[in-house]
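Overview (structure and organization)
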Amino acid sequence: MRTVLFTICLMLLLSGCSEISQTSEEKTVKEIGEKELIVTFLDVDQGDATLLQTKDSTVLIDAGRHDRDEVVSLLKEAGVTELDLFVGTHPHADHIGQVAQVLAEFPVTEVWMSGDDHTTRTFERAIQAIADSGADYYEPRAGEEFEIGSLTVEVINPTELTGDFHEGAIGLRMVHGEIAWLFMADIEKEIELELVDNGVNLQADVIKLGHHGSSTSSEEAFLRKVDPMYAVYSAGADNEYGHPHREVIERIDKLNLEWYGTDLHGSIQMISDGSSISIHTENNQQSALNEDGPSDSCININEASINELTMIVHIGEERAQQLIDMRPITNLNELTDINGIGDGRLSEIIEEELACLKN
């Protein structure tokens, strides 16, 4: 039995838990055309929140950081009065941080969570808020498909939970008319490649890049399978993790994708009539990576900051912190002591010639 589902059911007692999501009741959303879908990638700093609105459905994927409070006001500005579905992709605080405020402010028909349990106060507040809201609760799994108004929602991840929150994050492919949208939460490259190998339908015109544009995600083989026109990431300006990582931007540039990021463009609104997409951004800044990245010289792993270390292939923020905790490092071979770095990845780090040791 899924742990969180069991907890929610106990809290709700006689109100019951939903087994499947039903098509939402028709409602009118102000200024949304009969055949329009408005997808807004909300600027919530170093967090995630994406709003989807059609005339007959409103869906929110993630709810920003726990240490900020802008999501409710952003939803109100977008004309939201209720939500048919809230999806908390995984239990990290930068994705479910303002769930309690959202559920307190808006009627919500159904809530989806991955089912992974966490010990943080943010997670506990989210679970209590779900129980208090009276919303139906569900833990979707790969292969399931739902109709929410005029949106077709395909679940591509997770198949099962492993205890790794990123591996268990909810990944969604949504179809509206002839346009498909892919939302990758914080899913990393290992799962991306599994999806490719398993023949999952990943084609999408727009992809929300995994893990804030981190090098832990967005493998080239995966992106080629998705074959999008547009890529979007959510990240805070000058964030401590160095998101988006330079190699990801270089990769999507190589694939000739038009890309947008909330750190540069603010909230990003894409409006589709089911056959085409128009794009409006809060800021008019061009899609150009900040030039304050590392220089052409190598990165001294015994002195580099987390930001600099994450520029090295296979070194995301968690591995960068492990590396810092291991210092001083006398030989690059010691990097295999970091979780997730084996001989293969070590070879790629060395071949990249970006990581080095200096006296």
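Not measured: the values here are computed from a predicted model.

We now examine the overall build of the protein chain. Check the secondary structure of the protein chain and you find 12 helices and 17 strands. Residue burial in the protein chain is summarised as follows: out of 359 residues, 55% are buried. Expressed as a percentage of contacts within the protein chain between residues at least 6 apart in sequence, the contacts between residues at least 24 apart total 66%. Summed over its atoms, the accessible surface of the protein chain is roughly 15,600 Å², and 44% of this surface lies on carbon and sulfur atoms.

For an α-helix, the turn length of 3.6 residues means that residues three or four places apart are oriented alike. Along helix α8 (residues 246-254), the residues classified as buried are Glu 247, Val 248, Ile 249, Arg 251 and Ile 252. Considering only its buried residues, α8 is in contact with α7 (220-226), β12 (230-233) and β13 (258-261). One or two residues past the end of α8 sits Asn 256, with phi positive at roughly 60°.

Moving on: helix α11 (residues 317-326). Of the residues making up α11, those classed as buried are Glu 317, Arg 319, Ala 320 and Leu 323. Projection of α11 onto a plane perpendicular to its axis shows the buried side chains occupying an angular sector of 160°, all on one side. Opposite the buried face of α11, at more than 90 degrees from it, the exposed residues are Glu 318 and Asp 325. Each element contacted by the buried residues of α11 is listed here: α6 (189-197), α10 (306-309) and α12 (343-352).

In this section: the pattern of salt bridges. Evaluated as defined, the whole model comprises 11 salt bridges. A salt bridge links Arg 68 to Glu 70; the nearest nitrogen and oxygen atoms lie 2.5 Å apart. Given the relative accessible area of 33%, Arg 68 is considered partly exposed. When salt bridges that share partners are traced, they join Glu 220, Arg 224 and Lys 254 into one network.

The two faces of the sheet receive side chains in turn, since in a regular strand these alternate between them. With 5 of 6 residues buried, strand β5 (residues 108-113) is to be regarded as a mostly interior element. When strand β4 (residues 83-88) meets β5, the two strands line up parallel, connected through 5 bridges. If you follow Val 87 over to β5, its bridge partner there is Trp 112. The pairing of β5 with strand β6 (residues 136-138) spans 3 bridges and is parallel. Looking at β6, one finds that Val 111 is bridged to Tyr 137. For the segment spanning β5, helix α5 (residues 121-133) and β6, crossover handedness is right-handed.

Next up on the list: the environment of Ala 320. Position of Ala 320 relative to the elements: it lies in helix α11. Look at Ala 320 and you get buried, because its relative accessible area is 0%. The sequence separation of Ala 320 and Leu 309 amounts to 11 residues, and the corresponding C-alpha distance is 5.8 Å.

Cut-offs and rules
Residues numbered from 1 in each chain as written. Predicted model: local features only at pLDDT ≥ 70, side-chain atom pairs only at ≥ 80, totals over all residues. Heavy atoms only, no water. Helix = DSSP H or I, 4+ residues; strand = E, 2+ residues; numbered from the N terminus. Buried < 20%, exposed > 50% of the residue type's maximum accessible area, 1.4 Å probe, protein only. Contact = heavy atoms within 4.5 Å. Areas by Shrake-Rupley, 256 points an atom, 1.4 Å probe, with all protein chains shown as cover. Arc of directions from axis to C-beta. Salt bridge = Lys/Arg side-chain N within 4 Å of Asp/Glu carboxyl O. Pairing = 2+ DSSP bridges. Right-handed = clockwise from strand over helix to strand, strands pointing away.

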